[in-house]
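Observations on chain architecture
In case you want the letters, here they are:
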Amino acid sequence: MEETKFLTRGKVLLFVVIIVIILITYISFKIVHTSTMKKYTGFEKELMSAAENYYEIKNIEVEDGEEKKVTIKELSDMNLVYNELSNKCSGYVIIASEEDISKDDYEIVYRPYIKCGKKYMTANYSEY
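Below: a short report on this structure. Residue positions are given per chain, counting from 1 as you read along its sequence in written order. pLDDT decides what is reported in this predicted model: residues at 70 or higher carry local features, side-chain atom pairs at 80 or more are listed and counted, and totals for whole chains, interfaces and linings draw on all residues regardless. Hydrogens and water are ignored here; the side-chain numbers use all heavy atoms of the structure.

1. Concerning the overall build of the protein chain
The way it works is that DSSP assigns letters per residue, a run of H or I at least four long becomes a helix, a run of E at least two long becomes a strand, and they are numbered from the N terminus. When you go through the protein chain residue by residue, the secondary structure sums to three helices and four strands. In the protein chain, the order of α-helices and β-strands from amino to carboxyl end is α-β-α-α-β-β-β. Its C-alpha atoms give the protein chain a radius of gyration of 25 Å, more than 25% over the compact-globule value 14 Å for 128 residues. If you line up the protein chain on its principal axes, its C-alpha atoms span 90 × 35 × 25 Å. Burial statistics for the protein chain: of 128 residues in total, 27% are counted as buried. Residue contacts follow a heavy-atom distance rule, with two residues in contact if any of their heavy atoms lie within 4.5 Å. Counting contacts in the protein chain only where the partners sit at least 6 residues apart, residues at least 24 apart contribute 55% of the total. Carbon and sulfur atoms make up 57% of the accessible area of the protein chain, which amounts to about 9,700 Å² in all. A radius of gyration in this sense is built from C-alpha atoms; the matching globule rule multiplies 2.2 Å by the number of residues raised to 0.38. Working definition: with a 1.4 Å probe on protein chains only, accessible area under 20% of the residue-type maximum means buried, over 50% means exposed, and in between means partly exposed. Here the accessible surface of atoms and residues is derived via Shrake-Rupley with a 1.4 Å probe, and residues count as covered only by protein chains that are part of the display.

As structure tokens, this is what we get:
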């Protein structure tokens with residue numbers, strides 16, 4: 001039998017199957033990436049909460065405009081962090097007294113920064 005048309009049912013079916021496989025692969029990678037990102041951002045939130053507790057327990061004095069750095073190791077040593085990422089990641093929390101312009105007053109702010117190998121790093125993370 002001689003083919004007279006460029007598009008046959010077999011070619012269209014093959015094209016549709018390839019597109020479906022590509023879409024399924026793309027969606028599965030997106031789902032895995034999103035769940036991984038949630039794991040790291042959840043760890044950052046846990047560090048922020050742990051730093052708040054650390055600040056209260058240690059009764060740290062932070063002057064207006066001043067910053068204090070608390071490492072993940074310090075928080076883990078006080079049993080304030082229970083996440084498995086605390087052993088796999090390095091990082092710290094900055095406890096700062098920053099001026100709130102709307103209230104014209106200083107307030108304590110907690111900013112967590114983590115680095116987990118080449119998988120994840122918080123924006124503005126510094127090795128200092």
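From this point, things continue past the structure.
2. Digging into a negative patch on the surface
Every patch collects residues that have over 30% relative accessible area and no salt bridge, joining them within 9 Å if they carry like charges and within 5 Å if they are nonpolar side chains (Val, Leu, Ile, Met, Phe, Trp, Tyr). Here a salt bridge means any side-chain nitrogen of Lys or Arg lying within 4 Å of a carboxyl oxygen belonging to Asp or Glu. The charged-residue count follows a simple rule in which Lys and Arg add positive charge and Asp and Glu add negative charge, with His and chain termini not counted at all. The atom standing in for a charge is NZ when the residue is Lys, CZ when it is Arg, CG when it is Asp and CD when it is Glu. On the surface, a cluster of negative charge is made up of E61, E63, D64, E99, D104, D105 and E107. Tracing the sequence through the fold places D64 in the loop between α1 (9–58) and β1 (67–71).

3. A word on the state of the cysteines
Disulfides are defined as pairs of cysteine sulfur atoms found within 2.5 Å of each other. A complete count under the given rule lists one disulfide for this structure. A sulfur-sulfur separation of 1.8 Å characterises the disulfide bridge that pairs C89 with C116. Between C89 and C116, the S-S torsion sits near 105°, and that sign places the bridge as right-handed. Within this pair, whereas C89 is found in the loop between α3 (85–88) and β2 (90–100), its partner C116 is found in strand β3 (residues 105–116), the two being separated by 27 residues in sequence. Of the two residues examined, C89 and C116, each falls in the buried class.

4. Some points on the packing of aromatic side chains
Pairing of aromatic rings covers Phe, Tyr and the six-membered ring of Trp, with a centre-to-centre limit of 6.5 Å; geometry is then stacked below 30 degrees between planes, edge-to-face above 60, and tilted otherwise. Enumeration according to the criterion identifies four aromatic pairs in this entry. A centroid spacing of 6.2 Å and a plane angle of 80° characterise the contact between Y55 and Y110, whose relative ring orientation is edge-to-face. Of this pair, Y55 sits in helix α1 while Y110 sits in strand β3, and the two are 55 residues apart along the sequence. Summarising the burial analysis for this pair, Y55 and Y110 share the class buried.

5. Observations regarding the pattern of salt bridges
What the rule picks out here adds up to four salt bridges. For E66, the salt bridge identified is with K68, shortest N-O distance 3.8 Å. Since its relative accessible area comes to 26%, E66 is described here as partly exposed. The salt bridge partner of E98 is R111, with a shortest N-O separation of 2.3 Å. With E98 in strand β2 and R111 in strand β3, the pair connects residues that are 13 residues apart, well separated along the chain. Under the relative-accessibility criterion, E98 is labelled partly exposed at 31%.

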